[in-house]
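Descriptive structure summary
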Amino acid sequence: MRRYVRLLALLALCSVASGYVYQCEPGTEPTVCSIWNLQYDSKALVKHPDKLPSVQYPSTVHTVRLLFEKYYYNRQQQLTRYDTTLHTTVLHNPPNLQICDTRLRQLVMPPSLQVGYLTDNMISTIEIEPDKTYAVRYLDLSHNSLRNIANLSVLVQLQTLNLEANGITTLNTSVFTGMVNLTYLYLGDNSFSTIDLRPLPKGLSVLWLLRNDLRELSLTGVSMGALRELDLEANSLHTLDLAALFAAFPALQVLPIAYNSFPKEEAERIIADLKRHNVTYSVGMERMYQEGCDSDEYSVDSLCFTETLLGARSFWKGIFLLVMAVLVVCMFGFSVRWIWYQMRY
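Residues numbered from 1 in each chain as written. Predicted model: local features only at pLDDT ≥ 70, side-chain atom pairs only at ≥ 80, totals over all residues. Heavy atoms only, no water.

1. Some details on the overall build of the chain
- A tally of regular secondary structure across the chain gives six helices and 16 strands.
- Taken across its 345 residues, the chain has 41% of its residues classed as buried.
- At a minimum sequence separation of 6, the contacts of the chain that also span at least 24 residues come to 46%.
- Accessible surface for the chain amounts to roughly 19,800 Å². Of this, 57% is attributable to carbon and sulfur atoms. (Helix = DSSP H or I, 4+ residues; strand = E, 2+ residues; numbered from the N terminus. Buried < 20%, exposed > 50% of the residue type's maximum accessible area, 1.4 Å probe, protein only. Contact = heavy atoms within 4.5 Å. Areas by Shrake-Rupley, 256 points an atom, 1.4 Å probe, with all protein chains shown as cover.)

Structure, rendered in structure tokens:
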């Protein structure tokens, strides 16, 4: 009996001392391995290296997906740092990686990674060594907390880069100059008000700048012969120099422009010119019915635009409101003086 007790105690000790072995979620093999709630704490492993977890999957797997319950026990147990040990020792260098909708804050870029889908996290820091060569060609970092993206310039093999919704207020486009293979660049849903298009790679085919705060689009010295789609929706543009735009982007096919601040006459002129050049100015399926614009917007050819004081209608509306405000103030002042006079006498 004692022999069995000792054996059970030894097995329990081994299970505590060694790291947990994770298995792929059933049905995701042979090319994709989904793993739920992998517990990895780089700081704790410094003191307890024997706690290093391990993952087992067949050699046919090319994509590893780390999935976490949104409220799994507590916040501290969610993955916050993805580093070299996790990528190489635990996950065995997967070429494709997916970590979405977690509390991941720090990313140490693996040199061997080819596809990184890391959207909807809290990444604010990316560690990239300037003297290393990185293989990543597809990188989705949308909906994170990146502010400084200067070190991304080392990732010269990139073909697609998504930086949407990171709260970027100042954008130095020279970071993209060395990315000669870059074809798709998504910069929408940030907060920059100017952009220098000249340093961008000449091979860009798709460039999204929607939902920023662009007030003008400087096209002097810009030449991007491969660009076929430029999304400018929901900015603060008042005008567009279409002659300069077509000269800069001779292959342009799609130019979404809704929800800008064009005066109505300018919006009508732009749309008419785009039609003559067979350039699509809206995206998505045609709506079965016109939903209508908001009260502070107007519609041109089923597109909504923001009212602006530069437009005639809004200008006279502003004058009318100003006159009404002056009249209200004057009437209020007259009433106060009259009441004061009555009380005094």
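2. Considerations on the nonpolar core
- In this structure, Leu-91, Phe-176, Leu-240, Phe-249 and Ile-257 are the most contacted members of the largest nonpolar core, which totals 85 residues.
- Those elements that provide at least two residues to this core are β2 (32-36), β4 (63-67), α3 (84-90), β6 (96-99), α4 (242-248), α5 (264-276), β15 (297-300) and β16 (303-306).
- In this structure, Phe-176 is in contact with Ile-149, Leu-161, Leu-163, Leu-171, Leu-182, Leu-185, Leu-187, Pro-199, Leu-200 and Pro-201, ignoring residues within four places of it in sequence. (Core = buried A, V, L, I, M, F, W, Y, C linked by side-chain atoms within 4.5 Å.)

3. Observations concerning the state of the cysteines
- Overall, the coordinates contain two disulfides when judged by the stated rule.
- Between Cys-24 and Cys-33 runs a disulfide, and the two sulfur atoms are separated by 2.0 Å. Its S-S torsion of about -100 degrees marks the bond between Cys-24 and Cys-33 as left-handed, since a negative value means left-handed.
- Covalently, Cys-293 is tied to Cys-304 through a disulfide, its sulfur atoms 2.0 Å apart. Here Cys-293 and Cys-304 share a disulfide; its torsion about the S-S bond, -90 degrees, makes the bridge left-handed. Placement of the pair is Cys-293 in the loop between α5 and β15 and Cys-304 in strand β16, with a sequence separation of eleven residues. (Disulfide = S-S within 2.5 Å.)

4. Side note on the pattern of salt bridges
- Within this structure, the stated rule accounts for nine salt bridges.
- Linking Arg-81 and Glu-127 is a salt bridge whose minimum nitrogen-to-oxygen distance equals 3.0 Å. A residue pair is termed long-range when its members are at least 10 positions apart, and Arg-81 in strand β5 (residues 81-82) and Glu-127 in strand β9 (residues 125-127) qualify at 46 residues.
- Classification of Glu-127 as partly exposed rests on a relative accessible area of 33%.
- The salt bridge involving Arg-269 is made with Glu-266; its shortest N-O contact spans 2.6 Å. Placement of the pair is Arg-269 and Glu-266 together in helix α5, with a separation of three residues, close to one helical turn. (Salt bridge = Lys/Arg side-chain N within 4 Å of Asp/Glu carboxyl O.)

5. Examining the packing of aromatic side chains
- Summed over the entire model, instances satisfying the criterion amount to five aromatic pairs.
- Ring centres of Tyr-20 and Tyr-22 lie 4.7 Å apart, and the angle between their planes is 70 degrees; this geometry places the pair in the edge-to-face category.
- We classify Tyr-20 as exposed; its relative accessible area is 56%.
- Here the aromatic rings of Tyr-186 and Trp-208 are separated by 4.8 Å at their centres, their planes lie at 80 degrees, and the arrangement is edge-to-face. Residue Tyr-186 is located in strand β12 (residues 184-186), and its partner Trp-208 is located in strand β13 (residues 206-208); the two are separated by 22 residues in the primary sequence.
- With relative accessibility at 16%, the residue Tyr-186 sits in the buried group.
- Counting every residue linked through ring pairs, the aromatic cluster contains Tyr-184, Tyr-186 and Trp-208. (Phe/Tyr/Trp six-rings, centres within 6.5 Å; stacked < 30°, edge-to-face > 60°.)

6. Thoughts on the sheet that holds β9
- Taken together, the three strands give an open sheet; going across it, the order is β5-β7-β9, and neighbouring strands pair in parallel fashion. Strands at the two margins of the open sheet, each flanked by one partner only, are β5 and β9. (Pairing = 2+ DSSP bridges.)

7. Brief notes about α5
- If you check α5, its first and last C-alpha atoms are 19 Å apart, about what 13 residues at 1.5 Å a residue would give, namely 18 Å.
- When α5 is considered as a whole, its buried residues turn out to be Glu-266, Ala-267, Ile-270, Ile-271, Asp-273 and Leu-274. Seen from one end, α5 has its buried residues packed into an arc of 165 degrees, which puts them on one side.
- Looking at the buried side of α5, the elements it contacts are α4, β15 and β16.
- Asn-278 sits one or two positions beyond α5 and adopts a positive phi of about 55 degrees. (Expected span 1.5 Å × (residues − 1). Arc of directions from axis to C-beta.)

8. Overview of the pairing of β15
- As paired elements, β15 and β16 share four bridges and run antiparallel to each other. Residue Val-300 lies in a different strand from β16, and its bridge partner there is Leu-303.
- The antiparallel hairpin formed by β15 and β16 contains two residues in its connecting segment, where Asp-301 sits at a positive phi of about 55 degrees.

By themselves, these observations are geometric and do not establish any function.
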